[in-house]
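Structure assessment
Read off the chains here:
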Amino acid sequence: MTAVGAATPPVHQNATPSSRRGDYLLIGIALLLYLPFSFLGYGSDNDAYGVLDSGRILLQEHRYEPSRPPGYLLYEMSIGLLSRVGGSVLCNATSVAMALITLICLLRICEHFATPHRYWVAAMLMVHPVFWVNATSTMDYAWSLALLMAGLLMLLRRMHLLAGILLGLAIGTRLASFVAIFVFLLYALLAQPRDRVRVAAAGLIIAVIALPCYIPSFIWAGHTLGFLHPNIGGGLWSLKGYIARFVYKNLYLWGLPGALALCVILPFILARHRVAFDRRWRQPLGLSLAVVAGYELLFLRYPIELGYLLPIVPFVLILLAIGLRDRFPLLLAFSAALVSYALVNINLARPNLPNQASDAQFGLWIEPGYLVEDVSERWVLRDARSQADYGLKHPHVTAHAAGN
């Protein structure tokens, strides 16, 4: 990242009628893809039912029990209300709405930085299997990502008050949102020297909104910071286990073909820009790399769920679009790999215990893809309303390839 004086940033342009038509087309396709899955119950993730229990206890008994550390008060309370009013369909429909907000904000961020192939970037996120699953189920990943992307967009547009509110809510929804927020706040301080007081004020607003969201968790943890430590591994993970989970889940964030393609393409992009660094791309490249590195470091410490890595997906796609701006067939091939992962998975390892692996069997298996496997699990769980219901049906549910 460089200060604004070192390179002229792209000038944001208002959406033209042509781009608005593109937005409507993208939204229409996303709705066609997402809405049918919204009728399959709350989802396949055990934590979704913990959220339901937490929201129900909060509303009925007026006490707080987090669904899991560090606590997700805003989301748990919201889902408690939505579930009471409209059940799983309303909860999932809200996730769909959040996914649409994310797609539009990604388009506008790409427009701000004059990122090439911006509609294709949004389309790749739209069909990314992990994003697709979370866009249609009752989990907090789509909500936090929507608030995060909207807040980052407002920060880029120098709408600091609104940015502070949205980013505070993003952290209140998922604590890990702070990684991208820190990167963008630092960028704003460097790139907007005349607005440093406003950027600092946005940071203060973020803290004022986000910190109270974790006071109930602090109280629940006996007035200690113990709520900041998630339950990981059940004491089963060695150093080797941590590294294995980190590598495996990074691979299956993209699927094996997509991950292998990234291993080839990203070094090519970095080498290409080291030799002939185009000043137009310094800011989006620097921001994207910093966000990806920050989340990967956090995931190295907590390699638990694929959803933890979901915030890096838009920024990896921005890197790809810039690096392959004049090689669109490669971008198209990568998109095909993402779609194939939704349907078919090439798996290299199977855990000895689903969700609590201490060892794994290695080999080569052709399995149902991420989206297909999720649908099959959701069909079994379609009547579940609590973690107790999930536990009763869980023996008949196979954890998907990249599950917990």
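Small disclaimer: the values here were computed from a predicted structure and weren't measured. (Residues numbered from 1 in each chain as written. Predicted model: local features only at pLDDT ≥ 70, side-chain atom pairs only at ≥ 80, totals over all residues. Heavy atoms only, no water.)

Let's talk about empty space enclosed by the protein
What counts is decided by this rule: A cavity, in this analysis, means grid points on a 1 Å lattice covering only the protein atoms where a 1.4 Å probe fits yet has no way out; a pocket is instead an open set bounded by protein on both sides within 12 Å along at least five of seven lines, and a residue lines either one if it has an atom within 4 Å of a point. Grid points are joined across faces, edges and corners, and a volume is the space filled by probe spheres set on the points. Put simply, DSSP H or I for four residues or longer makes a helix, DSSP E for two residues or longer makes a strand, and each gets a number counted from the N terminus. Nonpolar residues are Ala, Val, Leu, Ile, Met, Phe, Trp, Tyr, Cys and Pro. Charged residues are Asp, Glu, Lys and Arg, and all others, Gly as well, are polar.
Evaluated as defined, the whole model comprises one cavity of 30 Å³ or more. Contributing to the lining of the largest cavity are Ile109, Phe113, Thr115, Phe184, Pro284, Leu287, Ser288, Phe315 and Ile318. Listing elements by their share of the lining of the largest cavity, those giving two or more residues are helix 13 (282-301) and helix 14 (312-323). Top element by residues in the lining of the largest cavity is helix 13. It accounts for three residues. The class makeup of the residues in the lining of the largest cavity is seven nonpolar, two polar and no charged.

Things to note about helix 2 (residues 46-61)
The following threshold applies: To estimate the expected span of a helix, subtract one from its residue number and multiply by 1.5 Å. For every residue, the accessible area obtained with a 1.4 Å probe (protein chains only) is divided by the maximum for its type, and the residue is called buried under 20%, exposed over 50%, and partly exposed between those limits. Note on definitions: a residue-residue contact is assigned when non-hydrogen atoms from the two residues lie within 4.5 Å. Two N or O atoms form a polar contact when they lie within 3.5 Å of each other; inside protein one atom must be a possible hydrogen donor and the other a possible acceptor, and for residues adjacent in sequence the pair counts only when both atoms belong to side chains.
Here helix 2 contains 16 residues, and its C-alpha end-to-end distance of 22 Å stays within 8% of the 22 Å for a straight helix at 1.5 Å per residue. Among all positions of helix 2, only Asp47, Ala48, Tyr49, Gly50, Val51, Leu52, Asp53, Ser54, Gly55, Ile57 and Leu58 are buried. Considering only its buried residues, helix 2 is in contact with helix 3 (73-112) and helix 17 (387-393). Its side-chain oxygen placed 2.8 Å from the backbone nitrogen of aspartate 47, aspartate 45 serves as the N-cap of helix 2. Backbone geometry just after helix 2 places histidine 62 at a positive phi near 60 degrees.

Structural notes on the confidence of the model for the protein
Low-pLDDT stretches of the model should not have their predicted coordinates read in fine detail. Spelled out, the test is: A score between 0 and 100, pLDDT records how confident the predictor is in each residue.
Looking at the protein, pLDDT values average 87 and 87% of them are 70 or higher. A low-confidence stretch, residues 1-12 (pLDDT under 50), is modelled with 26 contacts involving residues beyond four sequence positions or located in other chains. Low pLDDT (under 50) marks residues 396-404, which in the prediction has 31 contacts with non-local residues, meaning those over four places away or in another chain.

Here's the deal with the nonpolar core
Applied cut-off: Side-chain atoms within 4.5 Å link the members of a nonpolar core, which is a set of buried Ala, Val, Leu, Ile, Met, Phe, Trp, Tyr and Cys residues.
Formed by 118 residues in total, the largest nonpolar core has its most connected members in Tyr34, Leu148, Phe184, Trp254, Leu317 and Leu320. Ignoring any residue separated from it by four or fewer positions in sequence, one finds leucine 320 in contact with Leu262, Ile265, Leu266, Ile269, Leu331 and Phe334.

Section: a nonpolar patch on the surface
Applicable threshold: Only residues whose relative accessible area exceeds 30% and that take part in no salt bridge are eligible for patches, with like-charged residues grouped when within 9 Å of each other and nonpolar side chains (Val, Leu, Ile, Met, Phe, Trp, Tyr) grouped when within 5 Å. Here the Shrake-Rupley method, with its probe set to 1.4 Å, supplies the accessible areas, and only the displayed protein chains count as covering residues. Salt bridge criterion: a side-chain nitrogen from Lys or Arg within 4 Å of a carboxyl oxygen from Asp or Glu.
The grouping of Val339, Leu343, Val344, Ile366 and Val372 at the surface amounts to a nonpolar patch, some 430 Å² of accessible area in total. By the element assignment, isoleucine 366 lies in strand 2 (residues 360-368).

Concerning the pattern of salt bridges
Per the counting criterion, the structure on display carries eleven salt bridges. For the salt bridge of aspartate 53 with arginine 56, the shortest nitrogen-to-oxygen distance reads 2.8 Å. Placement of both aspartate 53 and arginine 56 in helix 2 is noted, with a separation of three residues, approximately one turn of the helix. Put simply, aspartate 140 and arginine 68 hold a salt bridge, and the shortest N to O gap is 2.9 Å. Residue aspartate 140 is found in the loop between helix 5 (129-135) and helix 6 (141-156), and its partner arginine 68 is found in the loop between helix 2 and helix 3; the two are separated by 72 residues along the sequence. Comparing aspartate 140 with arginine 68 shows no difference in burial state: the two are buried. Through salt bridges that share partners, Asp47, Arg68, Asp140 and Arg174 make up one connected network.

What about the side chain of aspartate 47?
Within the fold, aspartate 47 resides in helix 2. What aspartate 47 contacts, discounting residues up to four positions off in sequence, is Arg68, Met139 and Glu305.

Here's the deal with the environment of phenylalanine 37
Topologically, phenylalanine 37 is positioned in the loop between helix 1 (17-34) and helix 2. When its relative accessible area of 18% is taken as the criterion, phenylalanine 37 is described as buried. Between the C-alpha atom of phenylalanine 37 and that of asparagine 92, which follows or precedes it by 55 residues, the distance is 8.5 Å. Those residues in contact with phenylalanine 37 that sit more than four places away from it in its chain are Trp132, Thr136, Leu371, Val375 and Arg378.

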